[in-house]
Amino acid sequence: MRTIIIYTLFVLTITTQVSCTNYLDVTPDNVATIDYAFRNRNEAENYLFTCYSTLQNGGMAEVLNNPGFVTSGEIIYPYPTLEQTLDLTGFSINHGTQNVLNPALNYWDGSNGGGALFIAIRRCNIFLENIDKPFDLSESEKIRWTGEAKFLKAYFHYWLVRMYGPIPIMKQNLPIAVSTGEVRSVRQPVDSVFNYIVQLLDEAAASLPDRINNEVEEQGRITRPIALSVKAEVLATQASPLYNGNPDYAGFSNKDGQALFSVDYDPLKWEKTVEACKEAIDACHEAGIAFYDFIPPANITHISDTTHLTLTLRNAMTDEWNSEIIWTINKEFAYQYSCVARLNAEAITNYGIHSRFAVPLGQAELYYTDNGVPIAEDKTWDYKNRYNLQQSDSAYRYYIKEGYQTVKLHFDREPRFYASVGFDGGLWFGNGTLNDNNSLYVQAKAGQPAGDAGQGRTNVTGYFPKKLVHYQSVFLTNSTTFGYYWPMMRLPGLYLLYAEALNELNGPSETVYQYIDMVRARAGLKGVVESWKEYANNPDKPGSKEGLREIIHRERRIELSFEGQAGWDLRRWKELMDVLTDPVQGWDIYQEEAQSYYRPKTVFIPTFRTKDYLWPIRDQTLAENPNLVQNPGW
């Protein structure tokens, strides 16, 4: 796959001489050089890799430029000085900094952290229009490469529609001899955009292989299971409340009066989603995609069953190309140093360990109890006194340092909590110590290794996204990072998407429970019906569509936490405002004593309004193309 990210400067040049800003207002040029770019198989393949380049190397592959990651409320970052200095503009959006003069993560124009997606679509169109030219390209290769280009074109449209709603559909590049008016595109209704994306994905899937056989050269290229899984997600997005009968967009139309959103809810959209999810699941199973299970290497000297499970859950994210990953982008996650806690005094001298990615207290409370129900709903769990102090003993020795004083909130939680979140007193397997009888642990109060270390090396909540740190990475005096590529889709996410669609279509059923319970069982939990019946103060909750919807949404947020999915999900569900209007809290990290440290403290109050569900189009772009209309509220 590394050949994909090493593409020729020549081919990039002939496709990017048109500026991102003015793309929708200009006609194609460089026609003479296109024939040269498709003169043989090798040059055509290089051009295909330029189509991949925005996905693999552009803004989309950088998690800090992924709205699903930075605007989800799962991770926050010190603001404002560090975000401005390090150009982490995505994190700052939740502070109310978004604007129409210079939008953050501007994927429409390709600026301020956003990739130039209309130029990326243009490249795909050029490829599709010229793929018949290479004299030495086999028919099978042409079919496959065409499928890859159609997938990429569909995905670029999909990324844009999730951010902006109605967008221009770029089915083909315009001829040279067109008038200025003809190149000034208009926005199309969201259902038209989604339908076109699905059409492209169907065409792509029919041309793609079921699996990558030459993993050394081709790992990361698109397969049929990827295309079908993305299609399922696209249809789920179209069927979700943001796009399906949303009254907030009543009257939102083009200048000629064409409505851009339908305000009528259409349940048949969930029927299509159900069919697409099942087709994708079957394709994944046929390709050998199955739940991952951690196999300890020989250098692990001791590992308990408890730690084995937490490493399975943690490594499902960080063990690249593992059995349950459907799709991975070949862009290494480069911020483990921002996620890891300093685990001993030696690490304090390593100024590269920033620990700035902070998990809010509310996110830590999202995970279930060890009974598999929310902490506020578990009738056997002491929710009222969750901030009271408790000392760990041998019963928790593989989760919390024995003898360490922390809060009751950290006890009797589900395995995914311990696999995903680092906290004061919590064990951290790895980081050079591969024996869980003497694992390192987090000490996050003032004056301790993981506490504030000055010079911007501060975790402002006292919680760390441990899930994003590979257990073999070592951050002590010196850092040795065990890198991994970022997974875009995992099988558990597809299972939960199927359960969601089934529930939205016909309500609870045995099949819905089955697919939720498969994910829960791998996480060491009982089935959803059994858990609620036995432990919850509202035992009938899984029996209603509304109750099960809430459970499925929470299950996705837990299973896919920190993976860049929650921000997109919360948007399509119209639930992001619920998350980003409450104060973001953490512990009082500048205190030395546990009694003072464990007091919830507001870090900041996020700013989110209805208009923030869709991105603004830059004012200058609207001036350059008077056919475009701005999104509501901007």
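What you see is a predicted model; the values in this text were computed from it and never measured.

A few words now on the overall build of the protein chain. Counting its secondary structure elements, the protein chain contains 25 helices and twelve strands. Relative to the globule expectation of 26 Å for 634 residues, the C-alpha radius of gyration of the protein chain, 25 Å, shows essentially globular dimensions. Burial status across the protein chain gives 61% buried among its 634 residues. For the protein chain, restricting intrachain contacts to residue pairs at least 6 apart in sequence, the fraction spanning at least 24 positions comes to 71%. When the accessible surface of the protein chain is totalled, it reaches about 22700 Å², and 48% of it is carbon and sulfur.

What the rule picks out here adds up to 46 aromatic pairs. Summarising the aromatic geometry, the rings of Phe333 and Tyr335 are spaced 5.9 Å apart at their centres and angled 65° between planes, so their arrangement reads as edge-to-face. With a relative accessible area of 3%, Phe333 lands in the buried category. Looking at Tyr335, the relative accessible area reads 16%, which means it is buried. Ring-pair connections join several aromatic residues into one group, and the members of that group are Phe69, Tyr77, Phe91, Phe333, Tyr335, Tyr337, Phe357, Tyr484 and Trp486. Geometry around Trp428 places Lys466 over its ring, the cationic atom sitting 5.8 Å from the centre. Against the face of Trp634 rests Lys611, its NZ or CZ located 4.1 Å from the ring centre.

Let us look at the pattern of salt bridges. Evaluation of the coordinates by the stated rule reveals 42 salt bridges. For the salt bridge of Arg221 with Glu45, the shortest nitrogen-to-oxygen distance reads 3.5 Å. With Arg221 in the loop between α11 (215-218) and α12 (224-239) and Glu45 in helix α3 (residues 41-56), this pair connects stretches of sequence that are 176 residues apart. This pair shows no difference in class: Arg221 is buried, exactly as Glu45 is.

Of note, Glu504 is situated in helix α18 (residues 491-506). For Glu504, a relative accessible area of 11% translates into the label buried. What Glu504 contacts, discounting residues up to four positions off in sequence, is Tyr265, Trp270, Lys545 and Arg549.

Now for the side chain of Asn254. Structurally, Asn254 is set in the loop between α12 and α13 (268-286). What makes Asn254 buried here is its relative accessible area of 6%. In this structure Asn254 touches Val186, Arg187, Leu260 and Val629, once residues within four positions along its chain are discounted.

Attention shifts here to the confidence of the model for the protein chain. Confidence along the protein chain averages 92 in pLDDT terms, with 92% of residues attaining 70 or more. Confidence drops under a pLDDT of 50 for residues 1-29, and excluding neighbours within four residues, the segment shows 86 contacts in the predicted structure. Predicted confidence for residues 83-87 stays below pLDDT 50, and this span has eight contacts to residues more than four positions away or in other chains.

Let's shift gears to the packing of α12 against α13. In helix packing, the relevant descriptors are the interaxial angle and the interaxial distance, both defined with respect to the helix axes. The N-to-C vectors of α12 and α13 enclose an angle of 160°; their axes lie 8 Å apart at closest approach. Viewed along their axes, α12 and α13 adopt a mutual orientation that is roughly antiparallel. Here α12 runs over α13; the crossing is left-handed. Mapping the contact onto sequence places Arg224, Pro225, Leu228, Ser229, Lys231, Ala232, Leu235, Ala236, Gln238 and Ala239 in α12 and Lys269, Trp270, Lys272, Thr273, Ala276, Cys277, Glu279, Ala280, Ala283, Cys284 and Glu286 in α13. Residues of the contact of α12 with α13, tallied by class, amount to twelve nonpolar, three polar and six charged.

Turning our attention to unusual backbone geometry. Positive phi outside glycine occurs at Asn112, with the angle close to 55°. Residue position: Asn112 is located in the loop between α6 (89-92) and α7 (117-130). In this structure, Phe562 takes a positive phi of about 70° despite not being glycine. With respect to the element layout, Phe562 can be found in the loop between α21 (545-559) and α22 (566-572).

Moving on, we come to the environment of Leu343. In this fold, Leu343 is placed in the loop between α15 (336-339) and α16 (361-364). On a C-alpha basis, the gap between Leu343 and Leu427 in space is 9.6 Å, while along the polypeptide they are 84 residues apart. Setting aside anything within four residues of it in sequence, one finds Leu343 in contact with Trp428, Asn431, Leu440, Tyr441, Val442 and Pro449.

Now for the pairing of strand β10 (residues 485-490). Along β10, six of the six residues are buried, which leaves the element largely enclosed by surrounding structure. Across five bridges, the pairing between strand β1 (residues 325-332) and β10 is antiparallel. In the sheet register, Glu332 faces β10, and the bridge partner there is Tyr485.

With that settled, consider α18. Note that an α-helix has 3.6 residues per turn; residues three or four places apart therefore point the same way. End to end, α18 covers 23 Å across 16 residues, agreeing with the expected 22 Å (1.5 Å per residue, within 8%). Two residues or fewer after α18 comes Gly507, characterised by a positive phi angle close to 85°.

This brings us to the nonpolar core. Counting residues in each nonpolar core, the largest one holds 173 residues, and the members touching the most others are Phe69, Phe151, Tyr155, Trp327, Phe357 and Leu468. Sorting elements by how many residues they give to this core places helix α8 (residues 139-164) first, with 13 residues. Contact partners of Tyr155, with chain neighbours within four places excluded, come to Leu55, Met60, Arg162, Val230, Trp327 and Met488. Within the second largest apolar cluster, eight residues are counted, among which are Leu311, Ala316, Leu434 and Tyr471.

What counts, and at which threshold
Residues numbered from 1 in each chain as written. Predicted model: local features only at pLDDT ≥ 70, side-chain atom pairs only at ≥ 80, totals over all residues. Heavy atoms only, no water. Helix = DSSP H or I, 4+ residues; strand = E, 2+ residues; numbered from the N terminus. Rg over C-alpha atoms; globule rule 2.2 N^0.38 Å. Buried < 20%, exposed > 50% of the residue type's maximum accessible area, 1.4 Å probe, protein only. Contact = heavy atoms within 4.5 Å. Areas by Shrake-Rupley, 256 points an atom, 1.4 Å probe, with all protein chains shown as cover. Phe/Tyr/Trp six-rings, centres within 6.5 Å; stacked < 30°, edge-to-face > 60°. Lys NZ or Arg CZ within 6 Å of the ring centre and 35° of its normal. Salt bridge = Lys/Arg side-chain N within 4 Å of Asp/Glu carboxyl O. pLDDT = per-residue confidence, 0-100. Axes fitted to C-alpha atoms, helices over the stretch in contact; angles between N-to-C directions. Parallel < 35°, antiparallel > 145°, perpendicular 65-115°, else oblique. Left-handed = near helix turned anticlockwise from the far one by under 90°. Nonpolar A, V, L, I, M, F, W, Y, C, P; charged D, E, K, R; others polar. Pairing = 2+ DSSP bridges. Expected span 1.5 Å × (residues − 1). Core = buried A, V, L, I, M, F, W, Y, C linked by side-chain atoms within 4.5 Å.

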